[in-house]
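Given next are the chains, with one letter for each unit.
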Amino acid sequence: MQQTHYVILGNGVAGIEAAITVRNREPSARISVVSMEHDHFYSRTALMYILCGQLSLQDTEPYGRDLYARMRFERVRARVTGLDAAAKALRLEGGGTLRYDRLLLAAGSRARPAPWAGAAGGGVHAFVTLQDLAALDAEAAAGKTVAVIGGGLIGVEVAEVLHLRGLKVHFLIREPWYFPVALDAAEAEVVAAHVRHHGVDVRTGLNVTALERDSAGRLVALQTEGAGQAGERLPVDLVVCAIGVVPNTEFLRASGLALAAGGAIVADDGLRTNLPDVWAAGDCAEVLWIDGARRPEQLWYTARDQGRVAGAAMTGEEITYRRTAWYNSAKFFDVEYTTAGYIPPDLNRLTPAAGSAAGPIWSRWYQQAPGAAITQRIVIKDGRVVGFNCLGTRWDHTVFLRWIRERRSLEWVLAHMEEARFDEEFMQPFRVLPSAALTTI
């Protein structure tokens with residue numbers, strides 16, 4: 001019987017989980033894993049801990065450096081420049097090829113390029129790959145001034161680390177408040193005030209219009225503008241562009257592979273592409289969301305789950321990828337963040353237009369501890385809790401998700417919140433504050 005050759009492009013969490021799934025199902029298969037970034041699978045979400053010196057790169061490698069040998073994976077250290085679907089081969093930089101029987105594209109994402117005039121040249125950084133980390137680490141010296149542009153999780157992590165390294169940090173956010181895809185205005189103000197308290201210059205509602213260089217090409221300043229504000233020149237030595245990521249698929253555009261408008265690989269519910277024996281998973285793949293739209297999911301755990309589904313599908317299993325309920329945890333400096341379920345920042349956008357048929361009834365329960373960066377927001381749909389957003393304390397998201405599945409009422413949840421406490425030793429007992437408010441939209 002001929003040995004099946006599985007080729008997996010990308011050794012991030014999606015690619016490695018797919019490779020492990022294939023090996024567990026087909027012990028005799030030939031499995032090749034292709035990557036140029038690093039010889040081993042590491043946790044990309046831990047890059048900030050490497051930059052600040054708390055972890056080494058090897059500390060962030062979940063499976064250890066003997067994984068390839070134990071699982072009999074072939075490591076292919078090469079840059080892929082194209083896909084020849086007719087020949088069932090990847091084209092490699094330098095002229096070589098790698099043939100496959102079944103292929104998984106798990107090429108991940110790359111930083112969205114800085115769009116401003118003057119961005120080309122030294123001093124402008126991203127923070128997505130190990131190469132980004134090395135370049136920033138080499139330049140981020142104490143005493144310099146840096147502008148971190150972009151208000152997501154990567155932006156605040158970079159701002160924290162560079163502040164701790166002794167740089168003067170401007171944190172510039174285009175939107176009216178910080179992290180509007182996840183936080184509402186009240187929560188965002190709690191975070192922004194806390195970050196400012198640590199000494200970071202946080203500015204919202206501000207657009208960068210250009211980067212300024214001297215006659216030698218060195219970055220010296222950036223120009224900004226905001227609604228109702230005169231343009232301002234900010235002297236800087238460095239810029240970190242944290243305005244999101246894009247699917248790493250440019251090399252596939254001439255392959256016949258179906259790509260969405262934003263560059264993501266179009267995949268069906270089993271993560272199969274339009275090309276024979278080719279699947280896609282992770283940041284580069286377009287998948288179905290709870291709102292019915294198709295777009296990439298740029299989360300570690302969804303990439304993990306997609307890799308496992310793709311690996312099973314490649315071995316012949318009839319399987320469908322369906323995203324589980326949203327959950328995440330992070331920190332904004334030292335403010336804990338736990339989210340679970342469906343948490344739209346603005347419920348007004350969910351209400352039906354005037355004169356239309358009545359839709360679901362949405363409510364928001366919110367409280368903030370006086371004088372502290374501690375909040376809880378609970379979203380209710382038709383009398384049942386559907387989401388949690390909590391700042392300043394640690395919660396067990398698995399308990400929150402179970403309550404959502406059980407369709408618990410707000411009254412029941414508030415009476416049982418103690419059961420979801422994560423740090424029982426250090427966290428103050430939960431109580432409903434006199435300032436707590438329930439708003440129905």
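A. How the structure looks around unusual backbone geometry. Residue Phe 333 is not a glycine yet carries a positive backbone phi of 55 degrees. Here Phe 333 lies in the loop between strand 22 (327-332) and strand 23 (335-341). Of note, the phi angle at Asp 382 is positive, near 50 degrees, even though the residue is not glycine. With respect to the helices, strands and loops of the structure, Asp 382 is situated in the loop between strand 25 (375-381) and strand 26 (384-391).

B. Region of interest: the side chain of Thr 315. By the secondary structure assignment, Thr 315 is in the loop between helix 7 (300-314) and strand 22. Separated by 2.7 Å, the side chain of Thr 315 and the backbone oxygen of Ala 312 make a polar contact. With residues near it in sequence (within four places) discarded, Thr 315 still touches Tyr 6, Val 22, Arg 25, Glu 26 and Arg 102.

C. Main features of the pairing of strand 25. Strand 25 sits mainly inside the fold: six of its seven residues count as buried. As paired elements, strand 24 (residues 362-368) and strand 25 share seven bridges and run antiparallel to each other. Residue pairing across strands places Trp 362 opposite Lys 381, the latter belonging to strand 25. Hairpin connection of strand 24 to strand 25: six residues between the antiparallel strands, including Gly 371 at a positive phi of 70 degrees. In this structure, strand 25 lies alongside strand 26, joined through seven bridges in antiparallel fashion. Bridge pairing in strand 26 places Ile 380 opposite Val 385.

How each quantity is defined
- Residues numbered from 1 in each chain as written.
- Predicted model: local features only at pLDDT ≥ 70, side-chain atom pairs only at ≥ 80, totals over all residues.
- Heavy atoms only, no water.
- Helix = DSSP H or I, 4+ residues; strand = E, 2+ residues; numbered from the N terminus.
- Polar contact = N/O pair within 3.5 Å; in protein donor to acceptor, adjacent residues only side chain to side chain.
- Contact = heavy atoms within 4.5 Å.
- Buried < 20%, exposed > 50% of the residue type's maximum accessible area, 1.4 Å probe, protein only.
- Pairing = 2+ DSSP bridges.

On their own, these measurements won't tell you what the molecule is for.
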